[in-house]
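One letter stands for each residue in the lines below.
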Amino acid sequence: MAKRARQAASPPADDIDDQGLNGADAMASKVWKAWKDSRAHLSKWLEEARESYDFAAGVQWTEDEIKTLQDQRRPPITFNRTGVVLDAISGYEINGRQDVTYLPREAGDTGPVQIETEGAKYFRQQCDAEDEESDAFYDLICCGIGVGEHRMDFDEDPEGMLKVERVDPLEMGWDPAAMKRNLADRRWDIRGKWWDRDTAKATFPDHDFAAGGPRGDDDGLGEAQPIDREAAARYEDNGAGEQYQRRKDQVFILEYTWFESEPFASAINPSTGRMEDIDLETLKAVNDRLASVGQPPLRSVKRTRRVFKRVFVHGRDTLTPEDEREAPCPEMFHYQFMTGKRDRNKNIWFGVVRAMKDPQRWANKWLSQTMHIMNANAKGGILHEPGAFQDVAEVERRIAQPGYRLEVNEGYIDKVKIQPPLPIPETTYRLTEFAISSVRDTSGVNVELLGMADRDQPGVLEHARKQSAMAILAPFFDAQRRYRKNAGRLTLYFITTYLSDGRLIRIVDQGAKKYVPLTKKDEFAKYDVIVDESPTSPNAKEATFAALSQILPLALKQGIPVPPDLIDYVPGLPAQLAERWKAMLSAGNPKADKAAQLEDAKKVADIHKTSADAMLSEAKAGSEHVGQAADIVATLSQILQGVQMLQQGGLPPPAPSPAMPSATPPGGSPPMPMAPPPEMPPPTPSIDPNMVTQ
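Residues numbered from 1 in each chain as written. Predicted model: local features only at pLDDT ≥ 70, side-chain atom pairs only at ≥ 80, totals over all residues. Heavy atoms only, no water.

Caption draft 1: View of the pattern of salt bridges. Using the criterion set out here, one finds 28 salt bridges in the structure. E149 is the salt-bridge partner of R191, the closest N and O atoms lying 3.5 Å from each other. Within this pair, whereas R191 is found in strand β7 (residues 188-196), its partner E149 is found in strand β4 (residues 145-153), the two being separated by 42 residues in sequence. Taking relative accessible area as the criterion, R191 reaches 10% and is therefore assigned buried. Here E171 makes a salt bridge to R191, at a shortest N to O gap of 2.9 Å. (Salt bridge = Lys/Arg side-chain N within 4 Å of Asp/Glu carboxyl O. Helix = DSSP H or I, 4+ residues; strand = E, 2+ residues; numbered from the N terminus. Buried < 20%, exposed > 50% of the residue type's maximum accessible area, 1.4 Å probe, protein only.)

Right, dumping it as structure tokens:
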């Protein structure tokens, strides 16, 4: 298949020789060499990526193919089914966006973590980070590479604001030896971009951009610059044609980021007992001083860390001074990549469009061929002998018109035979349908995921087929998830380094809103970056609410309270109404609280009643024991009184006896009184008083 004429490329017209840039400093020569190595490695990928963007935009015929079809009077038909598949995948990413949450690694960091999490959400919302990352994800599924940049911007806000922007992947270059997903093992990356001359002068006022330098390739993509020789002959431009007119007020600047290994030491601070990082010179000075006073050296271990740096290069000059080459984030690359499927042999990455190109091409070609057959055989043909028509050219002109009429010379009516049109081959329809279905089959996106299934099937089956399609596309979403982790770390660094200047951050805790100042900390804790589905995405809302609708009834029966954050996952609920409901759930329902208080009071009363009954039973049991003890004490006291009376020579008074029943019969005379018994001498006591007294 012929290549697109506008993509016929030759090396960019710069004056870079094999040894570097003529007359350039060492850093500029190094940067231009990295740019050339990257473009040489990505030359095939750049061509394929541009073609993938054309297919997504509906430009699916080359210029040579269109010319050939026009010469054959065939229509260059394009039914863009590739773009629909890409839009469906991108739509699922938009509906399932994710948030980044920071979790503490040390005890007592819950408060700061909540502040940083809410601060990250605030700054990302201010710079529309979600929209930019969705555009980068579209690049990922289209050409296999998506790129996002994190930087600080002081133009719109003098105090500084975080910027997260999508970067055209065709502007980027990277270490050809990088093989891991998301280019995690790259040693450097580079970006070639055209800047407005005025912007470049304002950014680098010490450099004279009018001096020129090597002419960069168009958009940094390696395309040749077409020369308009006729315009050059008339001295209308310098021979660069339309492209020169577009680039005449721009300059081509390279941005190169790399890391260097820096040695350092981790030593135990004797005053705090904690491990701290110090440079080797400081460690040596401290150990020398300890040795001078007879103390052992610090317990330490030598280590290395990556320190990231960045320079800008234009032409032969390096625009960044030596003391200003620190990268926006000295701990990691500020350009973060998302990678698609790996082509191991070429060490490049590709998206879903590569597999859909051939089915899309053949679907267009077979459809164009079918229409050509229909147009060519619409009227069939005419068999006649010479002399049957007076003007054969007139017959050829009129036969193509609807309702045509032929005039035959006398005697030739039986010698003219009209051929019926040939039927269209049935295989043409089958091949066209096969190509159309192959566009979906090769990408893994079925009709259920596209929402175009026109057959009756159970909802469970349709959901299972959607899940199968999403499983095929899982590597792309996994690359985005890994990107978001690094993006979360970059966001946290920019917040703690540049944005922690006392700005008030709103925190919602149990439905209550409060504003907390974002301030810097001397020792900032390390966090785990967790990527979770955002409650603002429709898919996450529907799936979460469907699961909660089955769990909530059981939870309410068990008395488990409903968290206010549940309102965030109700699909289709306006944000203001959701906030009000959350506040009401947090504050509580007065009627429900009163009923709950009455119920609690009733339970307390029942408990008190039960306790009183138990105490009464214990009191009764205790009173019985007390009565028995009192009887014993009374008996003992009576015995002691009797003993004392015996010692004094008297007798105790007789105890009252119960009344005896009368022996007089009814109606008889009372009985005679009985004589008292004779007095008896007092008995000799048998109990020792001393013993009794004792």
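After presenting the structure, the write-up continues.
Caption draft 2: Spatial organisation of the sheet that holds strand β5 (residues 161-167). Here we have three strands laid out as an open sheet, ordered β5-β4-β12, and antiparallel in their pairing. At either margin of the open sheet sits one strand with a lone partner, and together these are β5 and β12 (335-339). Here the average twist between neighbouring strands, direction ignored, is 20°. Of the pairings in the sheet, the one linking β4 to β12 comprises five bridges and is antiparallel in character. Counterpart to G148 in the pairing with β12 is Q336. (Pairing = 2+ DSSP bridges. Axes fitted to C-alpha atoms, helices over the stretch in contact; angles between N-to-C directions.)

Caption draft 3: Seen up close, the packing of aromatic side chains. Enumeration over the complete set of coordinates arrives at 19 aromatic pairs. Ring centres 5.3 Å apart and planes at 55° place the aromatic pair F204 and F312 in the tilted group. Linking F204 in the loop between α7 (197-203) and α8 (229-233) with F312 in strand β10 (residues 300-314), this pair joins segments that are 108 residues apart in sequence. Residues F204 and F312 agree in their burial class; the two are buried. These aromatic residues form a ring-pair network of at least three members: W32, W35, W194 and F252. For R306, the ring lying beneath its charged end belongs to F259, and the centroid distance is 4.2 Å. (Phe/Tyr/Trp six-rings, centres within 6.5 Å; stacked < 30°, edge-to-face > 60°. Lys NZ or Arg CZ within 6 Å of the ring centre and 35° of its normal.)

Caption draft 4: Spotlight on helix α6 (residues 129-143). Taking 1.5 Å per residue as the helical rise, α6 with its 15 residues ought to reach 21 Å, and the 21 Å between its terminal C-alpha atoms agrees with that figure. For α6, every residue scored as buried is listed here: A129, E133, S134, A136, F137, D139, L140, I141, C142 and C143. Within two residues after α6, G144 carries a phi angle of roughly 100°, on the positive side. (Expected span 1.5 Å × (residues − 1).)

Scope: geometric values only; no functional claims are made or implied.
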